[in-house]
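# Notes for the structure review
Spelled out from the first residue to the last, the chains are:
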Amino acid sequence: TVSGAADSLGIHHATVIRHVDALEARLGVKLFQRHARGYTATEAGTDLANIADTTEEQFTQLVARLKGQGEEVTGDVVVTALTSFAPRLAPVLTAFQCQHPQANIRLLTGARLFKLEYGEAHVAIRAGSAPEEPDNVAQPFMKMDVALYAAPSYVSKFGLPTEQTLHDHRFIGGDGSASRAPFARWMEKIIPDENVTFRVSDDVSLKQALLAGAGIGFAVKGEHPELIEVMPPQEEWRSQFWLVTHVDLHRTVKVQAILDCLKEAAKEWAATDPAISLPG
């Protein structure tokens with residue numbers, strides 16, 4: 001009966017009649033035969049009910065699968081970082097995958113800021129000032145000291161630079177887009193633009209140009225003993241790195257698992273590398 005359907009659904013009986021009439025008008029068939037004792041399904045109505053039962057069962061199974069995925073680390077795990085981070089991250093993410101064999105690791109490197117709000121990554125490792133996107137969660141990750149270096153080949157050709165003679169030397173800098181790195185901002189402020197004679201688009205190219213003797217440039221403190229230190233690390237050059245996630249995924253099991261893994265890795269790096277320190 002209409003009243004029985006209304007009680008089951010928790011709505012008014014007039015609403016039931018209105019929905020049935022609208023559905024029949026949309027489909028162009030009669031779904032029920034009306035009679036004094038209530039409604040009886042037609043053949044079309046019975047077919048629709050069977051489809052509805054199957055659909056409801058499929059949705060129930062889907063919800064169960066989705067809940068199961070939420071409790072385990074499965075599927076893609078996407079991490080983005082600067083290209084120079086790859087040597088550190090690759091072993092860490094490999095170990096993470098060994099602990100979670102159903103995870104597919106995707107390590108996306110480069111200077112581009114991947115859009116977490118569009119689902120391009122689960123975790124982004126970003127350098128510079130704290131990210132300010134309103135829907136992102138940013139946690140301090142680690143700090144890294146850099147120093148100003150020159151290759152032996154550069155020194156043999158142009159002499160050993162000193163802090164007082166920097167304006168007489170060639171520098172390696174970024175190409176075009178403004179860098180978030182503090183040392184790059186220092187260079188833009190202190191070093192005349194005409195002294196930046198070799199420009200690169202990423203941190204890996206910067207390192208290779210520095211090693212080749214293209215000019216004076218920045219590198220992680222102690223990473224390349226063959227380079228000659230021109231100026232020791234300065235507080236204003238120190239790079240702050242952040243772990244960034246989107247607020248909608250931040251508390252999921254997958255994201256929390258990879259965050260914990262990266263934070264443990266940072267502790268190990270800080271214990272063995274004097275150039276790295278932890279926040280606080």
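Figured I'd write up the structure that's included with this text. Remember, it's a predicted structure, so these values are computed and weren't measured experimentally.

## Description of the overall build of the protein chain
A tally of helices and strands in the protein chain yields 8 helices and 13 strands. Taken against the 2.2 N^0.38 rule, which gives 19 Å for 280 residues, the C-alpha radius of gyration of the protein chain at 31 Å runs more than 25% over that of a compact globule. Considering only C-alpha atoms, the protein chain reaches an extent of 105 × 40 × 30 Å along its principal axes. When contacts within the protein chain are restricted to residue pairs at least 6 apart in sequence, those whose partners lie at least 24 apart make up 71%. Summed over all atoms, the accessible surface of the protein chain reaches about 16,200 Å², with 53% contributed by carbon and sulfur. Each charge sign in the protein chain was given a centre, from 26 positive and 35 negative side chains, and these centres are 2 Å apart.

## Regarding the sheet that holds strand β6 (residues 136-144)
Strands sit in the order β4-β3-β5-β12-β6-β13 across an open sheet of 6 strands; the sheet is mixed. Looking at the sheet topology across the chains shown, the edges are occupied by β4 (103-109) and β13 (276-277). In this sheet, strand β12 (residues 239-246) lies alongside strand β5 (residues 123-127) in antiparallel orientation, the contact comprising 4 bridges. Across the sheet, Ile-125 pairs through a bridge with Leu-243, a residue of β12. Along the sheet face, helix α8 (residues 253-272) touches β3 (75-81), β5, β6, β12 and β13 and points at about 15° away from the line of β6.

Cut-offs and rules
Residues numbered from 1 in each chain as written. Predicted model: local features only at pLDDT ≥ 70, side-chain atom pairs only at ≥ 80, totals over all residues. Heavy atoms only, no water. Helix = DSSP H or I, 4+ residues; strand = E, 2+ residues; numbered from the N terminus. Rg over C-alpha atoms; globule rule 2.2 N^0.38 Å. Contact = heavy atoms within 4.5 Å. Areas by Shrake-Rupley, 256 points an atom, 1.4 Å probe, with all protein chains shown as cover. Lys, Arg positive; Asp, Glu negative; His and termini not counted. Charge placed at Lys NZ, Arg CZ, Asp CG, Glu CD. Pairing = 2+ DSSP bridges. Axes fitted to C-alpha atoms, helices over the stretch in contact; angles between N-to-C directions.

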